[in-house]
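What follows is each chain in one-letter form.
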Amino acid sequence: MDPKTVLEFAAKHNAKILDLRFTDLPGLWHHVSFPIAQLTAKSFEDGFGIDGSSIRGWASIHESDMLLVPDPKAYFMDPFRDTPTLAMIGDVIDPITKQPYPRDPRHIARKAEAYLGFSGVADQAFFGAEAEFFIFDNIRFDQAEQHGFYYIDAEEGRWNSGREEHNLGYRPRYKEGYFPVPPTDHYMDLRTDMTTQMEACGLHVECHHHEVATAGQAEIDIKFDTLLQSADNMMKFKYITRNVANQYGKTVTFMPKPLFGDNGSGMHTHQSLWAKGKPLFAGDQYAGLSQMALWYIGGLLKHAPAIGAFAAPTTNSYKRLVPGYEAPVNLAYSRRNRSAAVRIPMYSASPKTKRVEFRPPDPSCNPYLAFAVMMMAGLDGIENKINPGQPLDKDIYDLEPEELKKVPSLPGSLEESLRALEADHKFLVKGDVFTEEVIQLWINYKMKNEVDAVRMRPHPYEFQLYYDI
């Protein structure tokens, strides 16, 4: 796409407003709006001035001026605005040097793709992320010096089976919400509306369904794409699901573990490498993989503790990643077996569908950073021919304790993952994809604003455990 195409698209749809978007370091979209007349061919070179001083993880107040340059390949009409609005994703540029801003997550994803081409291993990395989420009717939470609480409610929540008023039943049992038909699946029409809006905004939806948990856990799968495009698509995906739910008077969360006693939300991430239009992961090794794919798996497994700092980047992530429960914390690989951290899907024998699925990530991550980190780990596996060991074609949850001890596992907390990243990040600074400054910034930000912030506050359950001790 070129600027001319974007301007013609805006005119065709009678756009009145340009809404320019960018992503902060933790992974939230931000935006600034302009009358559409301000968008000209020159805008794609000169950009628009913004203040980056209040954006999380960005510049300090004395160097806050930034340029936001619209990407002519990333645009769509926003279906949720009353006034016709052209939404575009922008790249952040330093106005002094005219170079990409090194803390812009989208720039880091771009550098990862460039490094892939420079490596000579492949020229394209494809990612397909399956983001799960919850649909709630009400959410209340607060934290102050003398109190802290959260309260969730959902019409579909199993806990409402005893409610007196307007109770029609048909609620998924805990951990039994996978694939029920309506009326037990309360939100088929809502998910279909989300799907049609995604399609209208340029996403390609493969399917949607109810997930395992009660209370409206859902999954909508979108088609794989290149690393940068998939990250853009995930930001668009989150925006659309939240806004459609809001129109229905409901709320969506991508928090990985909002409910105690039921499944959390993961973001299983399928990935493969291609060169000159040919898949590189198909071969005659285990599960129809190539030797390159096995080395890629070796890189994912070796660096998994550090990957977790970006792919499972919240304190809440580790309430999902608990040994012996729902999530794959054990660092092994297997065909079909969903209890392994790396799974090789076996739906089709076609070489084009051969891929590996990394299962620990969750949708609280910044997709630009998480996808880049996973690919860099896989490339390190290929470059250093890292042997992933023998596959584990058993249910890991049924292993005997002595056998389970031999299987390494993910860190048990965000702090442990951040420490692992601190000790193991040489694979990320190759090609200057991640800089030491960005990695240290990430560690410091997460430790101060999340790990320490949670650690210093009493937990509600501690009162049940210790009040009368």
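Described in the following lines is the structure provided in the data block. All residue numbers refer to position in the chain's written sequence, counted from 1. Thresholds applied to this predicted model are a pLDDT of at least 70 for local features of residues and 80 or more for the giving and counting of side-chain atom pairs; totals over whole chains, interfaces and linings are not thresholded and use all residues. Neither water nor hydrogens contribute to the side-chain values; these are computed over all heavy atoms in the structure.

Considering the arrangement of structural elements, one finds Y445 in helix α12 (residues 436-455). Spatially, the C-alpha atom of Y445 lies 9.2 Å from that of P26, the residues being 419 residues apart in sequence. Contact partners of Y445, with chain neighbours within four places excluded, come to P26, R56 and E450. Helix and strand definitions here come from DSSP, where helices need a minimum of 4 consecutive H or I residues and strands a minimum of 2 consecutive E residues; each element is numbered from the N-terminal end. Contacts between residues were defined by any pair of non-hydrogen atoms, one from each residue, lying within 4.5 Å.

All right, on to the packing of helix α7 (residues 304-311) against helix α9 (residues 367-383) then. For every element, the axis is a line fit to its C-alpha atoms; helices are fit only across the contacting stretch, and the angle between N-to-C directions ranges from 0 to 180 degrees. Packing of α7 against α9 brings their axes to within 8 Å, and their N-to-C directions diverge by 165 degrees. Comparing the axis directions of α7 and α9 gives the class roughly antiparallel. Read as a crossing pair, α7 and α9 show a hand that is right-handed. In this structure, α7 contributes I307, F310 and A311 to the contact, and α9 contributes L369, A370, V373, M374 and A377. By the convention adopted, Pro, Cys, Tyr, Trp, Phe, Met, Ile, Leu, Val and Ala count as nonpolar, Lys, Arg, Asp and Glu as charged, and the other residues, Gly among them, as polar. Of the residues in the contact of α7 with α9, the class split is eight nonpolar, no polar and no charged. Any angle between 65 and 115 degrees counts as roughly perpendicular, while under 35 counts as roughly parallel, over 145 as roughly antiparallel, and the rest as oblique. Crossings are assigned a handedness: left-handed for a near helix turned anticlockwise from the far helix by less than a right angle, right-handed for a clockwise turn.

Moving on to a nonpolar patch on the surface. Like-charged residues are merged into a patch within 9 Å and nonpolar side chains (Val, Leu, Ile, Met, Phe, Trp, Tyr) within 5 Å, provided each residue has over 30% relative accessible area and no salt bridge. Areas reported here follow the Shrake-Rupley algorithm with a probe of radius 1.4 Å; residue values treat only the protein chains shown as occluding. We define a salt bridge as a side-chain nitrogen of Lys or Arg found within 4 Å of a carboxyl oxygen belonging to Asp or Glu. The grouping of I139, F141, Y150 and F260 at the surface amounts to a nonpolar patch, some 550 Å² of accessible area in total. Looking at the secondary structure, you find F141 in strand β7 (residues 138-143). Overall, F141 belongs to the exposed group, its relative accessible area being 62%. Residue exposure (1.4 Å probe, protein chains only): buried if accessible area is under 20% of the type maximum, exposed if over 50%, otherwise partly exposed.

This part takes up unusual backbone geometry. The amide bond that connects P182 to the next residue, P183, takes the cis arrangement and shows omega of 10 degrees. Mapping P183 onto the fold places it in the loop between β8 (148-153) and α4 (188-200). In the Ramachandran plot, A287 falls in the positive-phi region, its phi being about 60 degrees despite a non-glycine side chain. On the secondary structure map, A287 appears in the loop between β14 (278-279) and α6 (291-302). Note on A287: relative accessible area 7%, which makes it buried.

Turning next to the pattern of salt bridges. According to the stated counting rule, one finds 26 salt bridges in the structure shown. With its nearest N and O atoms 2.9 Å apart, the salt bridge here joins E383 to K430. Of this pair, E383 sits in helix α9 while K430 sits in the loop between α11 (414-423) and α12, and the two are 47 residues apart along the sequence. Given a relative accessible area of 23%, K430 falls into the partly exposed group.

Bringing α6 into the picture now. Relative to the 16 Å expected for 12 residues at 1.5 Å per residue, α6 spans 16 Å between its end C-alpha atoms, a close match to the ideal helical length. Of all the positions in α6, only A293, L294, Y296, I297, G298, G299, L300 and L301 are classed as buried. For a helix, the expected span equals 1.5 Å multiplied by the number of residues minus one.

A separate point is the side chain of S334. Tracing the sequence through the fold places S334 in strand β15 (residues 333-335). On the basis of relative accessibility, which here comes to 0%, the residue S334 falls in the buried class. Polar contact criterion, stated in full: a pair of N or O atoms within 3.5 Å, where within protein one must be able to donate a hydrogen and the other to accept it, and residues adjacent in sequence count only if both atoms are side-chain atoms. A distance of 2.7 Å separates the side chain of S334 from the side chain of D393, its partner in a polar contact. Non-local contacts of S334, meaning those with residues more than four positions away in its chain, are made with Y286, A340, V342, R343, I344, L392 and D393.

Quick look at the pairing of strand β4 (residues 65-77) now. Most of β4 is tucked away: 11 of the 13 residues are buried. Summarising the sheet, strand β3 (residues 48-51) and β4 pair through four bridges and their orientation is antiparallel. Residue pairing in the sheet places D51 in a bridge with D65 of β4. Relative to strand β5 (residues 85-93), β4 runs antiparallel, the two being bridged by seven bridges. Pairing of L67 across the sheet is with I93, part of β5. Pairing between two strands is assigned when DSSP locates at least 2 bridges connecting them.

Bringing the nonpolar core into the picture now. Put simply, buried Ala, Val, Leu, Ile, Met, Phe, Trp, Tyr and Cys residues joined by side-chain atoms within 4.5 Å make one nonpolar core. Counting 101 residues, the largest nonpolar core has M194, F237, L273, M375 and F434 as its most contacted members. When residues in this core are grouped by element, the largest group, 12 residues, is from α9. In this view, M194 contacts F133, I135, I220, I240, T241, V244, A245 and V252; residues no more than four positions away in its chain are not counted. Core analysis: the next-biggest nonpolar cluster, separate from the first, contains 22 residues, V6, F34, I36 and W58 among them.

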